[in-house]
Amino acid sequence: MANTAQAKKRVRQAEKARQHNMAMRSQVRTAYKAVITAVKDGDAEKAQQAYSAAQPVLDRMVNKGILKRNTAARRKSTLVNRIKSI
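What you are looking at is a predicted structure, and each value in this text was computed from that prediction instead of being measured.

Here we take up the overall build of the protein. A count of helical and extended segments in the protein gives three helices and zero strands. Starting at the N terminus and walking to the C terminus, you meet the elements of the protein as α-α-α. Taking 12 Å as the expected radius of gyration for a compact globule of 86 residues, we find that the protein reaches 17 Å, considerably beyond that expectation. In terms of overall dimensions, the protein has C-alpha extents of about 60 × 20 × 15 Å along its principal axes. Sorting the 86 residues of the protein into buried and exposed places 26% on the buried side. Of all intrachain contacts in the protein linking residues separated by at least 6 positions in sequence, the fraction that spans at least 24 positions is 59%.

The following block contains the structure:
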């Protein structure tokens, strides 16, 4: 347990940042799953629209430091390949 005021404040800040980062990761997962669901349904147009919505979400998380650049690139590439496979 934190004993100093500084350490207590850092615990509060870290928890606030953790909650924020989890919310951002949840956004990424939701956008990613929307594309996957559309692909499984075989709806190419819906999948493309979902990808258009997911791409900026992934890019935004890279800029915020939630995801690494290569991770976002890999996920976008995977989604594009799945859409093409329809």
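Take the packing of helix α1 (residues 5–41) against helix α3 (residues 69–84) next. The geometry of α1 relative to α3 is characterised by a closest axis approach of 9 Å and an angle of 15° between their N-to-C directions. Compared by their axis directions, α1 and α3 come out roughly parallel. As for the relative orientation of α1 and α3, their crossing is left-handed in sense. Each of Val-28, Tyr-32, Val-35, Ile-36 and Val-39 in α1 lies in contact with α3, whose residues at this interface are Arg-75, Thr-78, Leu-79, Arg-82 and Ile-83. Among the residues forming the contact of α1 with α3, the class breakdown is seven nonpolar, one polar and two charged.

Take α1 next. Between its first and last C-alpha atoms α1 spans 54 Å; for 37 residues at 1.5 Å apiece the expected length is 54 Å, and the two agree. Restricting attention to buried positions, one finds in α1 the residues Met-24, Val-28, Ala-31, Val-35, Ile-36, Ala-38 and Val-39. Elements in contact with the buried residues of α1: α2 (44–64) and α3. Directly after α1, the chain includes Gly-42, whose backbone phi takes a positive value near 80°.

The subject of this paragraph is the environment of Arg-25. By secondary structure assignment, the location of Arg-25 is in helix α1. Linking Arg-25 and Arg-10, residues 15 residues apart in sequence, is a C-alpha distance of 22 Å.

On to the nonpolar core. Nonpolar side chains in soluble globular proteins tend to end up buried together. Judged by nonpolar contacts, Ala-31, Val-35, Ile-36, Ala-38, Val-39, Ala-47, Ala-50, Tyr-51, Ala-54, Leu-79 and Ile-83 together constitute the single largest core of 11 residues. For this core, the secondary structure elements donating two or more residues are α1, α2 and α3. With five residues, the top contributor of residues to this core is α1. For Val-39, the residues in contact, after removing those within four places along its chain, are Ala-47, Arg-82, Ile-83 and Ile-86. Among the nonpolar cores identified, the runner-up in size contains eight residues, and Val-28, Leu-58, Met-61 and Ala-72 belong to it.

Conventions we followed
Residues numbered from 1 in each chain as written. Predicted model: local features only at pLDDT ≥ 70, side-chain atom pairs only at ≥ 80, totals over all residues. Heavy atoms only, no water. Helix = DSSP H or I, 4+ residues; strand = E, 2+ residues; numbered from the N terminus. Rg over C-alpha atoms; globule rule 2.2 N^0.38 Å. Buried < 20%, exposed > 50% of the residue type's maximum accessible area, 1.4 Å probe, protein only. Contact = heavy atoms within 4.5 Å. Axes fitted to C-alpha atoms, helices over the stretch in contact; angles between N-to-C directions. Parallel < 35°, antiparallel > 145°, perpendicular 65-115°, else oblique. Left-handed = near helix turned anticlockwise from the far one by under 90°. Nonpolar A, V, L, I, M, F, W, Y, C, P; charged D, E, K, R; others polar. Expected span 1.5 Å × (residues − 1). Core = buried A, V, L, I, M, F, W, Y, C linked by side-chain atoms within 4.5 Å.

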